[in-house]
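The primary structure of each chain is shown beneath.
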Amino acid sequence: MSVIYEVNLAVDREIASEYRDWLIAHVHEMLALPGFTGARLMETVPDQADAAETVFCTQYELVDQAALEEYLRVHSARMRADGVSRFGDRFRSSRRVLRDLDRY
């Protein structure tokens, strides 16, 4: 059963365009890793409270939990470090894992 690995990124609005360009390339790098089968990149609809940030949501689809565990063990530190080295503390990230129960 497939697994969705979701990464939410709150980015300083001042660098949002540059960050989005980097993020598109980053998604393509992720998709080249073993077990990744697809991705969606979205931007949340801002409200007045979020005026200082742009929030991106990336959902990666993986073949199964074992593929996610391998990514986390082998590749995640390197992939995360690239964003930190480029953008420092100008963004925050959170992650969660979702499993399909059914499709309608």
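These figures come from a predicted structure and were not determined experimentally.

(A) Focus on the nonpolar core. By size, the foremost hydrophobic cluster in this structure holds 22 residues, and its most contacted members are Leu9, Tyr19, Tyr60 and Tyr71. Put simply, the parts of the chain that give this core at least two residues each are strand 1 (3-12), helix 1 (16-31), strand 3 (53-62) and helix 2 (65-87). Those residues within four positions of Tyr19 in sequence are excluded, and the remaining contacts are Leu9, Val11, Phe56, Phe87 and Phe91.

(B) The pattern of salt bridges, seen in detail. Under the counting rule described, the total for this entry stands at 5 salt bridges. The shortest N-O distance in the salt bridge between Glu6 and Arg96 comes to 2.7 Å. Here Glu6, found in strand 1, pairs with Arg96, found in strand 4 (residues 91-99); they are 90 residues apart in sequence, far enough to count as distant. For Glu6, a relative accessible area of 5% corresponds to the buried category. Close ionic contact of Arg90 with Glu14 constitutes a salt bridge, the shortest N to O distance being 2.7 Å. Residue Arg90 is located in the loop between helix 2 and strand 4, and its partner Glu14 is located in the loop between strand 1 and helix 1; the two are separated by 76 residues in the primary sequence. The class for Arg90 is partly exposed, based on a relative accessible area of 28%. Accessibility expressed as a relative area gives 72% for Glu14, which makes it exposed.

(C) Highlighting helix 2. Along helix 2, the helix axis deviates most sharply at His75, where the bend reaches about 65°. When helix 2 is considered as a whole, its buried residues turn out to be Ala67, Leu68, Tyr71, His75, Ser76, Met79, Gly83 and Phe87. Contact partners of the buried residues in helix 2: strand 1, helix 1, strand 2 (36-43), strand 3 and strand 4. Looking one or two residues beyond helix 2, the residue adopting positive phi is Gly88, at roughly 55°.

(D) Layout of the sheet that holds strand 2. One open sheet accounts for 4 strands, arranged 2-3-1-4; its pairing is antiparallel. Looking at strand neighbours, the two that pair on one side only are strand 2 and strand 4, the edges of this open sheet. The sheet shows a mean angle of 15° between the axes of neighbouring strands, taken without regard to direction. With 9 bridges joining them, strand 1 and strand 4 adopt antiparallel strand pairing. Across the sheet, the residue bridging to Asn8 is Ser94, located in strand 4. Most of the contacts of helix 1 go to strand 3, to which it runs at about 5°, and overall it touches strand 1, strand 2, strand 3 and strand 4. Helix 2 rests against strand 1, strand 2, strand 3 and strand 4 of the sheet, and its axis sits at about 165° to strand 4.

(E) Structural context of helix 1. The first and last C-alpha atoms of helix 1 sit 22 Å apart over 16 residues, in line with the 22 Å expected at 1.5 Å per residue. Residues of helix 1 that are buried include every one of Ala16, Tyr19, Trp22, Leu23, His26, Val27 and Met30, and no others. Buried positions in helix 1, seen along its axis, are confined to an arc of 150° and lie on one side of it. Seen from the buried face of helix 1, the exposed residues on the opposite side, beyond 90 degrees, are Glu18 and His28. Here the buried face of helix 1 lies against strand 1, strand 2, strand 3, helix 2 and strand 4.

Rules and cut-offs
Chains are numbered independently. Their residues run from 1 in the order of the written sequence. For a predicted model such as this one, the threshold for reporting local features is a pLDDT of at least 70, and the threshold for listing and counting side-chain atom pairs is 80 or more; totals across whole chains, interfaces and linings nevertheless cover every residue. Think of the side-chain values as coming from all heavy atoms in the structure, minus any hydrogens and water. Here, the term nonpolar core denotes a set of buried Ala, Val, Leu, Ile, Met, Phe, Trp, Tyr and Cys residues that are joined through side-chain atoms within 4.5 Å. Each residue is placed in one exposure class: buried if its accessible area under a 1.4 Å probe, protein chains only, is under 20% of its type's maximum, exposed if it is over 50%, and partly exposed if it falls in between. Working definition: helices are DSSP H or I runs of at least four residues, strands are E runs of at least two. Numbering for both runs from the N terminus. Residues are treated as being in contact if the distance between any of their heavy atoms lies within 4.5 Å. Salt bridge, as applied in this entry: a Lys or Arg side-chain nitrogen positioned within 4 Å of an Asp or Glu carboxyl oxygen. Bend is computed residue by residue as the angle between axes fitted to the seven residues ending at the residue and the seven residues starting at it. Two strands form a pair only when DSSP identifies at least two bridges running between them. Interaxial angle, 0 to 180 degrees, is taken between N-to-C directions of lines fitted to C-alpha atoms, where a helix line uses only the stretch in contact. In this analysis, the expected span of each helix is defined as 1.5 Å times one less than the number of residues it contains. In this description, one arc is meant: the one made by directions from the helix axis to the C-beta atoms.

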